[in-house]
Every structure is written in C-alpha cells, then in structure tokens.
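Given next are the chains, with one letter for each unit.
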Amino acid sequence: MSTDVLNPPQSLSFELSEDQQMIRDSVKDFAERYIAPDVKERDASKQFPHELVQKLAEQGLLGMVHEEKYNGGGVGHVSFCLMLEEIARWDASLALTVASHTSLASGHIALAGNDEQKKKYLSQLTTGEKLGAWCLTEPGSGSDASGMKTTAVKKGDKWILNGSKIFITQGSVGGIYVVLAKTDPTKGTKGISTFIVEREWDGVQPGGKMEKLGMNSSDTTEVYFEDVEIPAENLLGKEGYGFIDTMKVLDGGRIGIGALSVGIARGALEESLKYSRERKQFGSPIGDFQSIENKLANMATEIDAARFLVHRAAWLKDQGKPFTKEVSMAKLFSSELAVRAADEAIQIHGGYGYIKEYHVERFLRDAKLMTIGEGTSEVQRMIIARELKKEFGA
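Everything numeric here is computed off the predicted structure, so don't read it as measured data. (Residues numbered from 1 in each chain as written. Predicted model: local features only at pLDDT ≥ 70, side-chain atom pairs only at ≥ 80, totals over all residues. Heavy atoms only, no water.)

Engineer: Lay out the packing of helix α2 (residues 18-35) against helix α5 (residues 77-88) in plain terms, naming residues and giving numbers.
Structural biologist: Interaxial distance between α2 and α5 falls to 8 Å at its minimum, and their mutual angle equals 20°. As judged from the angle between their axes, α2 and α5 are roughly parallel. Between α2 and α5 the crossing geometry is right-handed. For the pair α2 and α5, contact is made by Q20, I23, R24, V27, K28, A31 and I35 and by V78, S79, L82, M83, E86 and I87, respectively. (Axes fitted to C-alpha atoms, helices over the stretch in contact; angles between N-to-C directions. Helix = DSSP H or I, 4+ residues; strand = E, 2+ residues; numbered from the N terminus. Parallel < 35°, antiparallel > 145°, perpendicular 65-115°, else oblique. Left-handed = near helix turned anticlockwise from the far one by under 90°. Contact = heavy atoms within 4.5 Å.)

Engineer: Before we move on, can you summarise the pattern of salt bridges with the specific residues and values?
Structural biologist: Under the definition given, this model contains 27 salt bridges. R89 is the partner of E270 in a salt bridge, and the nearest nitrogen-oxygen pair spans 2.8 Å. One end of the pair, E270, is in helix α8 (residues 242-278); the other, R89, is in the loop between α5 and α6 (92-112), with 181 residues separating them in the sequence. Its salt-bridge partner being R386, residue E387 comes within 3.4 Å of it at the nearest N-O pair. A relative accessible area of 15% places E387 in the buried class. A single network of salt bridges, built from pairs that share partners, joins E85, E86, R89, R266, E270, E271, D304 and R307. (Salt bridge = Lys/Arg side-chain N within 4 Å of Asp/Glu carboxyl O. Buried < 20%, exposed > 50% of the residue type's maximum accessible area, 1.4 Å probe, protein only.)

Engineer: Please provide a residue-by-residue account of the packing of aromatic side chains, values included.
Structural biologist: One pass over the full model with this rule turns up 7 aromatic pairs. Ring centres 4.9 Å apart and planes at 45° place the aromatic pair F30 and Y34 in the tilted group. Pair noted here: F30 and Y34 are both in helix α2, with a separation of 4 residues, about one helical turn. The class of F30 is buried, set by a relative accessible area of 6%. We classify Y34 as partly exposed; its relative accessible area is 33%. (Phe/Tyr/Trp six-rings, centres within 6.5 Å; stacked < 30°, edge-to-face > 60°.)

Engineer: Describe in detail the nonpolar core, supporting the description with residues and values.
Structural biologist: I35, L56, M83, L84, I87, L260 and I264 are the most contacted members of the largest nonpolar core, which totals 66 residues. Secondary-structure elements contributing two or more residues to this core are α2, α4 (50-58), α5, α6, α8, α9 (290-318), α10 (324-349) and α11 (360-367). Top element by residues in this core is α8. It accounts for 10 residues. Each of domain 1 (18-131) and domain 3 (243-392) accounts for three or more of the residues forming this core. (Core = buried A, V, L, I, M, F, W, Y, C linked by side-chain atoms within 4.5 Å. Domains from an automatic or database assignment.)

Engineer: A description of the domain arrangement of the chain should follow, citing residues and the corresponding values.
Structural biologist: Split by domain assignment, the chain resolves into domain 1 (18-131), domain 2 (133-240) and domain 3 (243-392). Just the C-alpha atoms count here: the centres of domain 1 and domain 3 sit 20 Å apart. Taken together, the contact pairs 24 residues of domain 1 with 35 residues of domain 3. Regarding the contact of domain 1 and domain 3, the summed buried area is about 2,500 Å², with carbon and sulfur atoms giving 63% of it. It is H77, E85 and R89 in domain 1 that bury the most area against domain 3; as a group they hold 26% of the surface buried on that side. In this structure, E85 engages R307 in a salt bridge whose closest nitrogen and oxygen atoms are separated by 2.8 Å. Applying the counting rule to domain 1 against domain 3 returns 10 residue pairs in polar contact (both at pLDDT 80 or more). At the level of secondary structure, the elements contributing two or more residues to the side of domain 1 that touches domain 3 comprise α3 (39-45), α5 and α6. (Buried area = accessible area lost by both parts, 1.4 Å probe. Polar contact = N/O pair within 3.5 Å; in protein donor to acceptor, adjacent residues only side chain to side chain.)

Engineer: I'd like a rundown of the packing of α5 against α6, residues and numbers included.
Structural biologist: Two elements in contact, α5 and α6, have axes whose closest approach is 7 Å; the angle formed by their N-to-C orientations is 155°. One finds that α5 runs roughly antiparallel with respect to α6. Facing α5, whose interface residues are F80, M83, L84, I87 and A88, α6 presents A92, L94, A95, V98, A99, T102 and S103. Its residues placed into classes, the contact of α5 with α6 shows 10 nonpolar, 2 polar and no charged. (Nonpolar A, V, L, I, M, F, W, Y, C, P; charged D, E, K, R; others polar.)

In structure tokens form, the structure reads like this:
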C-alpha cells in the first residue's frame, strides 16, 4: 500500500478554522441585516452607497488582509474570500467596491510601498477614511498595458503626470489613486512606473459616471490627469517596475474576483431553490421536476468546485507560494460559472426571472463583468497555457 495513503499530508483540510467560521458567519449576518434589504433600490438608483461602505469600514472589512500596524485586520486571503462571497451573494456591486479597494489600490501600496507610504496612505485606506482607485486601463489599452499613453516626466524633485484612464472603479469617489504611467516610452513595459496620487491635487479630474450593463451601484468613471505635480516620494516601488508589480497585483485581485463570482453563483442557486419550492405547476412544486433538479444539482456541484479552486489560490498566496496558474484557473472557472448559474436561475424562474421584482436578472447583469474585469477569460486561458508550458518545459 502506498505510504501516501498511510500518511496523508496534514496540510490538506476542507474545514474552516474557528476564526474563519466566525468571520463568515458575522459577515453573513451583516449582509442579511444591512445589505440585502435595499439591494434592489441601490441597483435601480445607481447611486454609490456611501453610508453602507462606511458600515463595512467600521466592521474592519475594508482592510482585513493588510498588516495590523497599518490598521489592517491581519487575516488571510481565505477569510477575505469568505467575506466577499457573503457580500456578493446579495450585492455584487458592493462586493466589487470592497474587492477593488482592498486588492488593487490598497494591495499595490501594500506590495510595493515603503514604510512611510504605507503609514501615510495604506492606513487611510484600511480604515475607510479614504477609498482607493487603481488606474491602469486606458481608452486605447486594455490587456495590452504597453499601449498606454499616460506619461510621467521627471522635473526636479517632482513628476509631471498627463493622461487619462477609463473603467476606473471608485473613480469619482476615491480619495487616493494608484496610477500607472510611462516614465520611459522607449522601454515598453519596462518603462512603466507607478505613482500614488491624491484626489485633491491640482489637475486631477474624475469624469462622469459611466452607464453600465450591471454593477450599477459600483462607481465607474474615467479619470483625467493634466500637469499633475507628484512629489518624488510618491513614486510607488522602483522606477520601471510598475508593470512587474501590476502583474502581481492582478494575481491577488483575481482571488477577489473569484470569490465574488462564487457569491453571485450561490445567490442564483439559493434564489432558485427558494422559488422552485414555492412555484407550483401541474399540482407540484417545480423543484420536484427532474429537469429542474438537474439544473440545481449542476449549479451546486459547480459552485463547490469553484469555491475550492478560489480557496486553493487564496491559501497558496497566504503560504507565500506561486499561485499564478491556480488563480487564473479559479478566476476563469468561477467567473464563467457565475454567468451560467445566473442564466439557469432566470430559466428556472421563467418569466418572473426576467423582471426586476426578483433578484436573478440582476445576478446575470452583474456576473458578466466577472469574465472581463482583471483579465478576460481569454487572457486567463493564455496565462494557464503559458504556465503549463513552463511546468512541462514546452
């Protein structure tokens, strides 16, 4: 008999720790009490929920993965995933706010910032004193970051920033921007650097709110920078390392997108279970029909699979191990599942699934972004294939 069977690895566990269970249960209770009741109204009004975000900040949910000395919670990314799933089960827009604020803007400062930058800026972000906005994408450059046009030119002890960014989450409500710009246009991606920019500085101008398919109460705008003077000490990380750090930030951010996707899919399943018990056709609940049972069974199975993929990537990150391939797998599978599950939920609800009285039509509108943001499904497949080739020496 194999020694692997006699001595199974002790690190493999499918059980949550007591702390993780407490975090999950407390956020679940918070979500049901404060997030669920008005989610349809927030979606309809398309207004950013400032008061609700502050409640999340008071609960310590805007910086839970960051170091305690910078006012963070100091917990691992598995706990972060549990928190995001519970929020996204009801309100994906709100979960997106938390995920982008924590993983992208705050995450980049936590990754590349020096102690002074973290004390000054990260400490404000983890407490929710200010929200963060991560500024990478431009009108002419999405997945191809080397095509960005925004520039930062060194003049004395300052950098002069010019350009514009698009699809920026927290673009008009953020107080601290993390901005990617070309500092040496001749070097391609090796000539990209990152800067911390304050909203109040002259030349910083958020654009109008963008009209979107879904994620309606998440703030998304363009941001314009015109001759913005940035102190030299606000260079984030090493000059020319912006793109390298960005790839690491995106890996971390995809953990959050995966957890958010699982939350949407779970919401679709739970709403479908509820409806299938209540809705009767031909004298029986539709949940007793085999065609509906098959849909529910497939959804539940895929949700468990997606959650395990996401938690594996989160665990690897917490252990300081490579996780690029694993997080791309998690993001790819869970994001496409969110769309499938929401679509199936509408089918189960029939005509009622198509109207806004029920939650499931919103789930489908919100889910689609998950297959696009922080690297499209096509990009994830490219990354997975690239990592596989490395492993097999191809």
